[in-house]
Amino acid sequence: KRHQAVQEMTTRLSLVSACAGVSLLLASSAWAHPSQSENGLRGKVEVEGAVTKVEWRSPHAWLYVDVANDKGEKVNWSFELPSPVTLMRRGWTRDSVKPGDRVKVTGAPAKNFPAIAIANFIRDESGKPLFTGTTSVNEAEESRGSGK
């Protein structure tokens, strides 16, 4: 009987440990994934500068761009992109944008972080658009407001 009780307790402990582990994984994933509500999707930022880094990682790729602010100081903007798989489906390669490339980026700025945004439109140095697949909420509103 003692052996059976030890086995039951071990089984229960294993079940509780597994549930706790799964809960921690889910909680950490939810915490690590930024909410788009953090971004002011109705706001708009336009910057031009040199790419410093491109991160191809899930759940979102990131583009970092050095931009001169109004005071002439260098600010490194962080632009959230769709997932690497989504970007590749839209024609991107790992060489589409590289450190040192000059780009123009339009995006939806974060509400509480001054140099973070979701990239809506990116143009390379020649003016060629790089499709991100995200859209700006403003443009639909501007179209409705202007009778288009």
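What you see is a predicted model, and the numbers here were worked out from it, not measured in a lab. Numbering of residues begins from 1 in every chain and follows the order in which that chain's sequence is written. Owing to the predicted nature of the model, reporting of local features is limited to residues with pLDDT of at least 70; listing and counting of side-chain atom pairs is limited to 80 or more, with chain, interface and lining totals taken over all residues. Side-chain calculation: all heavy atoms of the structure are included, whereas hydrogens and water are not.

1. Thoughts on the pairing of strand β5 (residues 116–123)
Strand residues, when the strand is regular, have side chains that alternate between the two faces of the sheet. Bridge count between strand β3 (residues 74–80) and β5: 3 bridges; the pairing is parallel. The residue bridging E80 from the neighbouring strand is I118, located in β5. By the convention used here, strands pair only if DSSP detects at least 2 bridges between them. Here a helix means four or more residues in a row that DSSP labels H or I, a strand means two or more in a row labelled E, and each is numbered from the N terminus. The pairing of strand β4 (residues 102–109) with β5 spans 6 bridges and is classified as antiparallel. Note that in β5 the partner of V105 across the bridge is I122. Two strands pair when backbone bridges link them, and β5 and strand β6 (residues 129–131) are joined in this way by 3 bridges, in the antiparallel orientation. Counterpart to I122 in the pairing with β6 is L130. Linking β5 back to β6 in an antiparallel pair, the connection comprises 5 residues, with G127 at a positive phi of about 95°.

2. As for the pattern of salt bridges
Salt bridges are defined as contacts in which a side-chain nitrogen from Lys or Arg sits within 4 Å of a carboxyl oxygen from Asp or Glu. Scanning the entire structure with this criterion turns up 4 salt bridges. For K53, the salt bridge identified is with E55, shortest N-O distance 3.1 Å. Here D101 makes a salt bridge to K98, at a shortest N to O gap of 3.9 Å. Three labels apply to residues, based on accessible area from a 1.4 Å probe with only protein chains included: buried if under 20% of the type maximum, exposed if over 50%, partly exposed otherwise in between. Looking at D101, the relative accessible area reads 23%, which means it is partly exposed. A residue is classified by how much of its surface remains accessible, and K98, at 36% relative accessible area, is partly exposed. Counted as one network, the salt bridges with shared partners bring together K53, E55 and R57.

Interpretation note: all reported values are geometric properties and have no functional meaning in isolation.
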